[in-house]
Each structure stands twice: as C-alpha cells, then as structure tokens.
Amino acid sequence: MSDPAVEVKLEVKLEVKQASKEVKESENVAEKYSAMTVSKNSEMNIGDLSSAFSAVPTHKPVKKQIQFVEDKQEFSRFPTKAGRRSLSRSISQSSTDSYGSAASYTDSSDDETSPRDKTQVNSKGSSDFCVKNIKQAEFGRREIEIAEQDMTALISLRKRAQSEKPLAGAKIVGCTHITAQTAVLIETLVALGAQCRWTACNIYSTQNEVAAALSETGVAVFAWKGESENDFWWCIDRCVNNEGWQPNMILDDGGDLTHWMYKKYPNVFKKIRGIVEESVTGVHRLYQLSKAGKLCVPAMNVNDSVTKQKFDNLYCCRESILDGLKRTTDVMFGGKQVVICGYGEVGKGCCAALKALGSVVSITEIDPICALQACMDGFRVVKLNEVIRQVDVIITCTGNKNVVTRDQLDRMKNGSIVCNMGHSNTEIDVASLRTPELTWERVRSQVDHVIWPDGKRVILLAEGRLLNLSCSTVPTFVLSITATTQALALIELYNAPDGRYKQDVYLLPKKMDEYVASLHLTTFDAHLTELSDDQAKYLGLNKNGPFKPNYYRY
C-alpha cells in the first residue's frame, strides 16, 4: 500500500517541473517572435504578432523594439487599370503596407475587378450604369424600404405630388452621397416625373447594394465604394456626357459636379435651369462664381436653409460623430482632451456629443460670435498650436483648407486621433503625410496608422474625408428633412416663371422651410397652436405663415 504523503510530494515535484518547462517554452517562443519582429527581412505582419503574443504569455519583458516595414511606394494620384484593382483589394492582406497600396481599401466585396472593367446588364437589358455588383440589387432594395419607413414626410410629398408630375421633363444630374436615404429622394424625383443620372460626391460613402438597386430600376448610377481619384472624375463625366441626354437641373453636394460641368461642358452648363447645392463647400464655390460674374444659372443655397442648418448639420452630427468614432477606434472618450475646429452647427453638434461622454472639449474659431457662443456653452476657446502636444483627438468641421497642418501633425503625441466632419478632404493636410519617411499602416477599414520614423503613430480616419458617412451611417429621419428640402427646391427652380430667379444664389423661401418642418411634425404627434384673427393682425402675420422674417435667427 503506497504512502499518500509520498504521492503528494511526487505530484508537486512533477507540477513544478512541468510549470518550469512551460515557462521556458513560452520564453523561447516569446524570444522567437521578438526576433522575428526585429528582422528586416521578416514578412510577419502586426496582426500575426498581436495574436502570437496574446496566445503565448511572456514571463519576462522583451526589450527589443519592433521595426516597421521600410518599403516605400510612390503615390499615384491617377492609377492605371492595374492600380485601380489594387485600390479595391481586400483588407485581409498585409496590414503593414505603405500608404501607396493601403490608401483606398474597400470592404464591400471580394471581387477585386474594377467596375470600369466589367460589363454588367440589369434585368431590363440596360448597361447604362457602373456599380460594384448589380447582383446586390435585391439586398439594396431592402435597405431602401427600411429607410422609407423613417422618411414618411418625403413619402408623403411623393404621394401628394405624384399625380401632378411637377418635374415632368426635368433631367436631373446629381452628385451626392449614395445611401439608402438618398435613394428614397432619387426615386421620389423619378416618381414626380424626372429623369435622373447620379454619381457619388465622396469616394467612401457609397452603399454598393443601394447603387445596384437604383441601377436595377433604370436610374443611371456611376459610383462604388472605394473609387480612386481618377474613377471619381470619370463617374462624374459619364453622368454628364451621355449621347442623346442633356441635363437641365443639377443637384450637387460639394460643387464638384457643378465645377466639372462649368469647366468641361460650358455649353451644356448654360442651358441648366437651376442648381440646388447642399454643402458649405459647394455654396462657397457658387458665391465665388456669382461674385466673378460667371454664374449663368440660378442656384438655390439649401445649406443655409433653417431645415438644413438646424437639423442635418446640428442634430445629425450630434449623433453620427459618436457612431463614426466608436466604430473605427473603440476608444473610450471619457476624460480625453478633444479639440474641435469650428463652432458652427456641425461643431456645436460634435461638442455636445463628446461633452456628454465626459471628454474635455476645446474649440478653435476665427469668428468672435461663434467663439463667444462656445465660451457661453462652457467650452475653452484656444489656438490649436497652444494645445497640440496634449490633445488626444482633433475633429475638423470648418469647410476650410489646411486647418490641421503637417507641422502640427508632427507635434502631436503618440496615439492621437485626427478626423474630419466637414464635406471636403482639404481640412487636414493629408497630402503632406504621403512622403517616403512616413509609413501608412491600414489596421481596419477606413483606419490608418501614420507612423513617424521614431515610432510615433497618429490615427487618421477615412483619410481625412467626411467621417460619419465614410465610416458609419447617419440618422434616416434627419436626412428625410434635408431630402424633402432638396426636392422642393428642385420643384421651385424648375417650375419658376421666367424672371423670378436671376443668375444668382438664393436662399430657400421661408414658407418652404416651414412646410418641410410641418410635414415632419406628424412623426411626433405634435399639434401646432393656431393664431386667432386678432393675434395674426396684432403681429402683422398671415395665419398660415411665414411666421418669421428672413433675418430671424433660430
């Protein structure tokens, strides 16, 4: 009969010996992976390294420093067909590619062939479109149907005006974000009698399945997620330059379509009956044309309408900024030092959202009125150079250029996040980061680590393009407000009698703003109070509006 005490001692010795062996093995493995990372010739990527260290715990610190890839590629702004293919390759490939090959990944399809190299036909036999995959149309249709459920006001407008066909004869060429919400607008315009050709105003915001669904119904769509710069302008040209079809209305977001037509097709541009523009950038370009006496058609400034400024710019950005940041970074923002450049409506929305999460928010501003508003709302107004070394997150929303410069990016601390909530990708000087001494590492879709020679990393989101539509989605209800405004602006310009609008930029009539708002009140079961005849006379108002003068600030 064996002694239990002896058995216990033997078991303890065996366990100690086995544990010692495991420690040595894990140390050997750790050293092995450390050696692999410091080897210049190693092909192991950071993803493999991370999984290796999580799978095998180390028992002593590894002091050797990781060396990053040194291969450099020259950035090509206008890639060849082969280059276009590389732009759309899967992110499952090495995440340590330099910027030249990692700058424009898409995660929308495993098909690496550029849509420009494909021949696709919809069920009606038409090939007058260029999308990622027409076979995704059924999925895109479901996306559009879901969006319609929260865009009841726009659907209501469609039903009210469908029998009258107020856009009969209108040939609208559009350049906007192509999402399920925009698709509801496009199909509303078609239902009201218009013919439409469409392209994307942002190379990352297109929902491929929605573009396919629109193409299936007969709308000529030229757009896909992850276009190159060359693809972007090619798509715009295909929309405008179509034999036997000449546009007479423009719906633009950013002014690129208007600019292209004005420069390349001046004779076509002169025959346009009206332009509707919804962005700060695009409106600025229209005012420049008007000031120079080169705007030969009337234009409607939707961006500065109350329904756009107060709802799309403020409330939409207040929610979508967090969605975009959380999806891309997984960062906790409580206690983070955040600088928001610009305290307009977009900036106000971003500030409110991040303040609610516990971030320490500071503002940069050029306008003393906006700066005073920021102060009264409890935010510190600073110059970016004063805080650049301490800041954790920078968000631009000014509509300007070079708001964040290379010099400032050089001085940011390791792990800082930089992104843009303005329409244009000019606010962050991304072009200055495309240099041989910096390495671009794609860590996930729309997230790049820009690595300095000393190992410092700055996290750049969506390559400096519009964060919320590039990296996430936006609230459908708010987009219904903007879309309804755009539809009414197109109807107004197209049906206006000669002489009502001259060759200038106009604000949306106040009565139209109020009508758009009233259509959306039913969603909340809201009931407006009506003025009595005596009250209306006292205020000098029509009982049915408009209720505020044009100079009123909401």
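Numbering of residues begins from 1 in every chain and follows the order in which that chain's sequence is written. Local features in this predicted model are restricted to residues whose pLDDT is 70 or higher, and side-chain atom pairs enter the listing and the counts only when it is 80 or higher, whereas totals over whole chains, interfaces and linings include all residues. Working from all heavy atoms in the structure, the side-chain values ignore hydrogens and water.

In the nomenclature of an unreviewed UniProt entry, the chain is known as Adenosylhomocysteinase of Champsocephalus esox. UniProt positions are given in the numbering used here, feature names are shortened, and annotations may be inferred rather than shown by experiment. Its UniProt record gives the chain a comment under Pathway (unreviewed entry), which states: "Amino-acid biosynthesis; L-homocysteine biosynthesis; L-homocysteine from S-adenosyl-L-homocysteine: step 1/1." If you open the UniProt record of the chain and go to Sequence similarities (unreviewed entry), you find "Belongs to the adenosylhomocysteinase family."

Trainee: Residues and numbers for the sheet that holds strand β10 (residues 393-396), please.
Mentor: Reading across from one edge, β9-β8-β7-β10-β11-β14-β13-β12 is the order of the eight strands in this open sheet, with mixed pairing throughout. The open sheet has two free edges, formed respectively by β9 (380-381) and β12 (439-444), since each of these has just one partner strand. Think of it this way: DSSP has to see at least two bridges between two strands before they count as a pair. A run of H or I in DSSP becomes a helix once it reaches four residues, and a run of E becomes a strand once it reaches two; helices and strands are each numbered from the N terminus. The pairing of β10 with strand β11 (residues 416-420) spans four bridges and is parallel. From the neighbouring strand, Val393 faces β11, where its bridge partner is Ile417. Only heavy atoms matter for contacts: two residues are in contact if any of them lie within 4.5 Å across the pair. Note on geometry: axes are C-alpha line fits, over the in-contact stretch for helices, and angles between N-to-C directions span 0 to 180 degrees. Along the sheet, helix α14 (residues 345-356) makes contact with β7 (337-341), β8 (360-364) and β10, crossing β7 at roughly 170°.

Trainee: Give a detailed account of the sheet that holds strand β5 (residues 274-277), specifying residues and quantitative values.
Mentor: Across the sheet, which stays open at both edges, the seven strands sit in the order β3-β2-β1-β4-β5-β6-β15 with parallel pairing between neighbours. Whereas interior strands pair on both sides, the edge strands pair on one side only; in this sheet they are β3 (220-222) and β15 (505-507). Ignoring strand direction, the axes of neighbouring strands in this sheet form an average angle of 20°. The sheet contact formed by strand β2 (residues 195-200) and β3 spans three bridges and is parallel.

Trainee: Please provide a residue-by-residue account of the pairing of strand β1 (residues 171-176), values included.
Mentor: Look at any regular strand and the pattern is simple: side chains alternate between the two faces of the sheet. Throughout this description, buried means an accessible area under 20% of the type-specific maximum (1.4 Å probe, protein chains only), exposed means over 50%, and partly exposed covers the range between. Burial analysis of β1 places five of its six residues in the buried class, which makes it a mostly covered element. Pairing between β1 and β2: six bridges, direction parallel. Bridge pairing in β2 places Cys175 opposite Thr199. The crossover handedness rule: strands pointing away from the viewer, path from first strand over the helix to second strand clockwise, crossover right-handed. For the crossover from β1 across helix α7 (residues 180-191) to β2, the handedness is right-handed. Examined bridge by bridge, β1 and strand β4 (residues 249-252) share four bridges and lie parallel to one another. Pairing of Ile172 across the sheet is with Met249, part of β4.

Trainee: Can you break down the packing of aromatic side chains residue by residue, with the values?
Mentor: Only Phe, Tyr and Trp rings are paired, with Trp represented by its six-membered ring, and only when their centres lie within 6.5 Å; those with planes under 30 degrees apart are stacked, over 60 edge-to-face, the remainder tilted. Overall, the coordinates contain nine aromatic pairs when judged by the stated rule. Centroid distance Trp233 to Trp260: 5.2 Å. Interplanar angle 20°. Geometry classified as stacked. Placement of Trp233 in helix α9 (residues 229-240) and of Trp260 in helix α10 (residues 256-264) is noted, with a sequence separation of 27 residues between them. In this structure Trp260 comes out as buried when scored by relative accessible area, which is 19%. Taken together, the ring pairs connect Phe232, Trp233 and Trp260 into an aromatic cluster. Charge-over-ring placement is defined geometrically: NZ (Lys) or CZ (Arg) within 6 Å of the ring centre, and within 35 degrees of the ring normal. Here Lys548 stacks its cationic end above the ring of Tyr552, 5.3 Å away from the centre of that ring.

Trainee: Report on the confidence of the model for the chain, specifying residues and quantitative values.
Mentor: pLDDT is a residue-level measure of predictor confidence that goes from 0 to 100. Of all residues in the chain, 80% attain a pLDDT of 70 or more, and the chain-wide mean is 83. Residue range residues 4-17 is modelled with pLDDT below 50. Its contacts to residues more than four positions away, or to other chains, number one contact. Here residues 19-110 is a poorly scored stretch, pLDDT under 50, and it has 126 contacts once near neighbours within four places are set aside; other chains count.

Trainee: Talk me through the environment of Ile491; I want residue IDs and the actual numbers.
Mentor: Here Ile491 shows up in helix α19 (residues 476-495). For Ile491, a relative accessible area of 16% gives the class buried. Once the C-alpha coordinates of Ile491 and Ala170 are considered, the two residues, 321 residues apart in sequence, prove to be 9.3 Å apart. In contact with Ile491, other than residues within four places in its own chain, are Pro166, Leu167 and Leu192.

Trainee: Give a detailed account of helix α13 (residues 306-329), specifying residues and quantitative values.
Mentor: For α13, spanning 24 residues, the distance from its first C-alpha to its last is 33 Å, which sits close to the expected 34 Å at 1.5 Å a residue. Positive backbone phi, approximately 60°, marks Asp330, located one or two places after α13. Take the residue count of a helix, subtract one, and multiply by 1.5 Å to get its expected span.

Trainee: Describe α10, and please don't skip the residues or the numbers.
Mentor: Of all the residues in α10, the buried ones are Asp256, Leu257, Thr258, Trp260 and Met261. Structurally, α10 contributes buried residues whose contacts are with β1, α9, β4, α11 (266-270), β5 and α12 (280-291).

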